[in-house]
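Examination of the molecular architecture
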Amino acid sequence: AMRRLIASQMTMGFSCSAVAAPSLFGSNWRRLARHQLLPYGFDFDHCSAPPARPGLREQLRIPPGRSVIGHVGRLEVQKNHDLIIAIADQLVRRGEDIHVLLLGEGSRKAELMEQIRQLGLGSRFTFAGNRADVAAVLRGAMDCFLFPSIHEGLPLALIEAQAAGLPAVFSSSVTEEANLFPGTNQVLSLDRPLCDWCDAVVQALRAGIPAALGDDLGRFL
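Below is a summary of the structure that appears in this document. (Residues numbered from 1 in each chain as written. Predicted model: local features only at pLDDT ≥ 70, side-chain atom pairs only at ≥ 80, totals over all residues. Heavy atoms only, no water.)

Description of the state of the cysteines
Considering all chains together, one arrives at zero disulfides under this definition. With no disulfide partner, Cys-195 has as its closest neighbouring cysteine sulfur the one in Cys-198, 7.4 Å distant. According to the relative accessible area criterion, Cys-198 is buried, its value standing at 1%. (Disulfide = S-S within 2.5 Å. Buried < 20%, exposed > 50% of the residue type's maximum accessible area, 1.4 Å probe, protein only.)

Right, here's the structure in full:
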């Protein structure tokens, strides 16, 4: 009913991405000139502050020396935390000294924590909940950003992670508009084997954070 009313009454239809548009305007949305993509506007100033890593990691109870895989997203099925846990499990089995930092809340929190406990990975995960200082945590506590969502419109968390300079590994289910640095980001299909995802994360961790990437993003946009 909502879509029919919108289609009959609107003068212009705007969408944040080519993936989100069909859900509101239908699969043939490109045929009408009144349907247009309108990218989000961002203030990236908060992403350029230098990180205060030791103090922030200590506050988050992340053991020193560990490589931190970060994720920001609701603890719901769409965000595919099961794959994040599976990747962490395999990396620990490989002997990688990693830690996973999860920001966000959701209905699956207890279920995910139990899954982690059963794998013996409790000391390798930090659930940081919802925070007002996400940009500081991105730059000050994470070494790479993992985002294996099952579907997305235009994920602001991934945009912000790239603005913070984090090397990103994410699923091909994420809309192409979010891939701001295709030369350095790693995009994998969810059908790829677990070992490929693990290799991509290790490569991102080894690459480290290019200090100028956040500034380059502002110029890019």
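Having seen the structure, we can now continue with the description.
Focus on the sheet that holds strand 3 (residues 67–72)
Two orientations exist for strands paired in a sheet by backbone hydrogen bonds: parallel and antiparallel. Strand order in the open sheet formed by six strands is 5-4-3-6-7-8, with parallel pairing between adjacent strands. The sheet is open, and its two borders are formed by strand 5 (125–129) and strand 8 (186–188), each paired with just one other strand. For this sheet, the mean angle separating the axes of adjacent strands, direction not counted, is 20°. Two strands pair when backbone bridges link them, and strand 7 (residues 168–171) and strand 8 are joined in this way by three bridges, in the parallel orientation. Bridge pairing in strand 8 places Ser-171 opposite Leu-188. (Pairing = 2+ DSSP bridges. Helix = DSSP H or I, 4+ residues; strand = E, 2+ residues; numbered from the N terminus. Axes fitted to C-alpha atoms, helices over the stretch in contact; angles between N-to-C directions.)

Comments concerning the pattern of salt bridges
For the structure shown, the criterion picks out 13 salt bridges. In this structure, Asp-133 and Arg-131 form a salt bridge, with 2.8 Å as the shortest nitrogen-oxygen distance. Connected through salt bridges with shared partners, the residues Arg-66, Asp-97 and Arg-124 form a single ionic network. (Salt bridge = Lys/Arg side-chain N within 4 Å of Asp/Glu carboxyl O.)

Quick notes on the packing of aromatic side chains
What the rule picks out here adds up to one aromatic pair. Ring geometry for Phe-145 versus Phe-147: centroids 5.8 Å apart, planes at 20°, classification stacked. Take Phe-145: its relative accessible area is 0%, and that puts it in the buried class. Classification of Phe-147 as buried rests on a relative accessible area of 0%. (Phe/Tyr/Trp six-rings, centres within 6.5 Å; stacked < 30°, edge-to-face > 60°.)

Here we look at helix 4 (residues 81–94)
Helix length check: helix 4 (14 residues) gives 20 Å between terminal C-alpha atoms against 20 Å at 1.5 Å per residue, within 8%. Restricting attention to buried positions, one finds in helix 4 the residues His-81, Leu-83, Ile-84, Ile-85, Ile-87, Ala-88, Asp-89 and Leu-91. Along its buried surface, helix 4 packs onto strand 3, strand 4 (98–103), helix 5 (109–118), strand 5, strand 6 (144–147) and helix 8 (194–207). Of the residues trailing helix 4, Gly-95 is marked for its positive phi of about 95°. (Expected span 1.5 Å × (residues − 1). Contact = heavy atoms within 4.5 Å.)

As for the side chain of Glu-152
Here Glu-152 shows up in the loop between strand 6 and helix 7 (156–163). At 3.4 Å, the side chain of Glu-152 forms a polar contact with the side chain of Gln-78. Among the polar contacts listed, one links the side chain of Glu-152 to the side chain of Ser-149, at a separation of 2.7 Å. (Polar contact = N/O pair within 3.5 Å; in protein donor to acceptor, adjacent residues only side chain to side chain.)

Side note on the nonpolar core
Counting 30 residues, the largest nonpolar core has Leu-101, Leu-138, Met-142 and Phe-145 as the members making the most contacts within it. Put simply, the parts of the chain that give this core at least two residues each are strand 3, strand 4, helix 6 (134–141), strand 6, helix 7 and strand 7. For Leu-101, the contacting residues outside a window of four places in its chain are Leu-60, Ile-62, Val-68, Ile-69, Gly-70, His-71, Thr-126, Ala-128, Val-137, Ala-141 and Met-142. Among the nonpolar cores identified, the runner-up in size contains 26 residues, and Ile-69, Leu-91, Leu-121 and Trp-197 belong to it. (Core = buried A, V, L, I, M, F, W, Y, C linked by side-chain atoms within 4.5 Å.)

Keep in mind that these numbers describe shape and distance, not what the molecule does.
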